[in-house]
Amino acid sequence: MTFRKQHFTLLLVALLALIALTACGGDEEEPTPTPTKTPVPVQVESAPAPADTPVPVAPAQQPTAADQPAPVAQPVFGVINATELNVRSGPGTTFDILRAATEGQRFEIVAVSEDGTWAQLAENGAAIGWTALEFLTVEGDLASLGGEASTASQPASANQPAAVAPATPAGTFLDASMTSPDFGGQAFLWWREEVAHRDLELMKDSGFRWVKQSFAWETIEGAGKGVYDWTVADRVVRQANESGLKLLARLSSDPDKTNFWAGHPPGNAANFADFAAALAGRYNCSPSAVGCIQAYQIWNEPNLAREWGDNRPNPAEYVQFLGTAYAAIKRANPNALVINAGMAPTGDDSALAMPDDKFYDQMYQAMGGNSNGYFDALGVHGAGFAAPPELDPAEAAANQKYGGYRFFAFRHVEDIRNIMVRYGDTNKKIVILEFGWTYDSVNPDYKWHGADAGIDMFVQADYLKRAYQYAAANWQPWIGVMSLLTMPNLDWMNDGNPNDEEQYWWAIMEPSNINELIWRPAIIELCIYFNGVSGQSCKYDPN
């Protein structure tokens with residue numbers, strides 16, 4: 001449905017009447033961070049964990065032979081013996097690809113198909129999908145397993161996201177599987193615990209399934225090599241896990257920080273890999289882990305010199321950087337998803353920048369045409385600029401009102417997919433790490449494709465919904481998480497005027513204090529769409 005302005009007006013009136021909540025917290029001023037300027041975490045004293053209390057057990061009488069329990073079946077495991085293997089939603093090649101498994105990964109086998117050629121895999125007690133038995137080295141007795149454990153979904157229709165079995169907590173953690181497309185968004189969880197909780201609940205209620213959060217290297221290991229402060233990171237991961245959302249962590253550092261001990265890329269690659277390994281080990285999703293991070297983004301926009309230590313962008317250097325981090329994360333958590341950095345949209349090809357399509361192509365050349373051992377899904381950025389989401393990139397290139405380059409269209413993602421196809425990398429998904437539309441009316445670098453292009457908050461809402469709909473109809477099964485920009489950040493309001501903060505205009509909600517909720521059409525429209533996909537209704541729908 002289209003979110004009509006009169007309905008949104010009614011919603012605002014209703015909210016002003018209904019949401020008069022008591023303010024929480026004090027008036028202490030917080031730092032003013034940005035996604036790359038993250039303050040050093042404040043030490044918070046944690047309550048000690050309660051000691052395990054054994055339950056007294058009465059002495060048992062000697063059992064008779066008839067009382068002896070039946071033998072407990074031993075688990076059966078399978079080790080992937082192919083370079084890369086698709087895990088599907090059912091036992092056959094017609095079912096949707098849920099994820100890829102790589103050589104050496106070990107999973108429990110919980111069922112075998114009736115024809116004996118497919119195995120259902122599980123990790124940490126949760127079924128994750130089916131794969132061909134011939135590519136598994138089996139450890140244990142397959143005869144001890146029953147037949148097919150469940151009826152798998154048939155491939156989805158072209159206009160709905162591909163269905164997967166509902167995510168089942170492994171202990172308390174969700175697996176890293178993705179629907180096609182899957183619903184994600186950037187959030188600002190680092191600075192205010194109570195607002196983070198509120199925003200995670202809003203995202204969950206609105207139908208999001210993934211939340212993306214920056215884990216700035218210098219805020220965790222800023223004091224020196226191997227000196228970690230996990231205080232805030234532990235809290236953020238715990239809150240994300242408790243919300244029922246899967247967590248995509250962006251690992252990078254502030255390019256403007258001049259006194260960070262580790263320096264800048266590419267020279268900091270080994271130290272960065274050690275940091276990534278420590279993070280992935282701490283949050284490795286096992287039942288005994290501190291928490292669970294399901295997916296990792298490795299750095300940000302290395303096709304810009306400012307993000308690459310003020311060095312000329314170099315795809316081969318980034319590939320080496322990426323591969324080192326990939327191996328470190330996989331040693332700590334073989335089931336984590338590793339995603340390369342998204343690239344900045346630019347037409348500049350100089351010492352300062354490199355076009356994203358050229359950068360991706362040269363990445364594949366540096367990898368020898370084989371991305372195994374470098375990433376599990378290809379990360380891209382997909383801002384829509386002045387164009388509606390369905391616009392052909394050729395039209396954006398031909399028409400100056402859209403910007404005059406193919407990358408000014410949301411569907412430029414298809415250009416990057418074509419690079420993957422050219423190198424035969426068709427089994428891996430694309431993850432859109434950032435996308436959206438701004439309706440900026442203030443900042444000159446953005447207003448030309450915001451308010452000056454006729455985009456207001458209602459058009460923004462419509463374009464975002466249509467982007468997900470276009471992906472569902474045209475990009476299955478290769479599109480994974482689409483992480484939009486953005487939930488709001490209260491710190492945009494610190495100077496009393498959020499309008500001069502360009503990120504403010506991308507947000508799907510107004511920055512809202514803990515005692516208020518100030519809606520924008522985008523979050524309502526997406527809430528209606530996301531919930532509708534799963535047959536639910538949006539609790540915030542004014543209709």
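Above this text is the structure in question.
Residues numbered from 1 in each chain as written. Predicted model: local features only at pLDDT ≥ 70, side-chain atom pairs only at ≥ 80, totals over all residues. Heavy atoms only, no water.

Trainee: Before we go on, may I ask you to explain the sheet that holds strand β12 (residues 337–340) in this structure?
Mentor: Paired through their backbone hydrogen bonds, the strands of a sheet run either parallel or antiparallel. The sheet built from 8 strands is open, its strands ordered β12-β11-β10-β9-β8-β15-β14-β13 with parallel pairing. Each having just a single partner strand, β12 and β13 (378–381) make up the two edges of the open sheet. Across the sheet, the mean angle from the axis of one strand to that of its neighbour is 25°, orientation sign disregarded. In the packing of helix α4 (residues 231–243) onto the sheet, the strands contacted are β9 (210–216) and β10 (246–252), and the crossing angle to β9 comes to about 175°. (Pairing = 2+ DSSP bridges. Helix = DSSP H or I, 4+ residues; strand = E, 2+ residues; numbered from the N terminus. Axes fitted to C-alpha atoms, helices over the stretch in contact; angles between N-to-C directions. Contact = heavy atoms within 4.5 Å.)

Trainee: Explain unusual backbone geometry to me, please; I cannot follow it from the model alone.
Mentor: A negative phi holds for most residues other than glycine; trans holds for most peptide bonds. That bond from Pro 265 to Pro 266 is cis: its omega, 5°, falls within 30 degrees of zero. Structurally, Pro 266 is set in the loop between β10 and α5 (269–282). Here the residue pair Leu 485 and Thr 486 is connected by a cis peptide bond, since its omega of -5° sits within 30 degrees of zero. Among the structural elements, Thr 486 can be located in the loop between β15 (479–484) and α12 (521–533). The phi dihedral of Cys 285 is positive, around 70°, even though this residue is not glycine. Within the element layout of this structure, Cys 285 appears in the loop between α5 and β11 (295–298). Positive phi is not limited to glycine here, since Trp 299 has a value of about 70°.

Trainee: Looking at this model, I keep getting lost on the pattern of salt bridges. Mind explaining?
Mentor: Two side chains bearing opposite charge may form a pair once their charged atoms approach each other closely. Within this structure, the stated rule accounts for 23 salt bridges. A salt bridge links Glu 390 to Arg 466, with the nearest nitrogen and oxygen atoms 2.7 Å apart. Of the two residues, Glu 390 sits in the loop between β13 and α8 (393–398) while Arg 466 sits in helix α11 (residues 457–474), which places them 76 residues apart along the sequence. What makes Glu 390 partly exposed here is its relative accessible area of 30%. Among the ionic pairs, Arg 406 bridges to Asp 415, the shortest N-O distance being 2.8 Å. Here Arg 406 falls in the partly exposed class, since its relative accessible area comes to 36%. The exposure class assigned to Asp 415 is buried, which follows from its relative accessible area of 14%. One network of salt bridges, in which partners are shared, links Glu 193, Arg 238 and Glu 242. (Salt bridge = Lys/Arg side-chain N within 4 Å of Asp/Glu carboxyl O. Buried < 20%, exposed > 50% of the residue type's maximum accessible area, 1.4 Å probe, protein only.)

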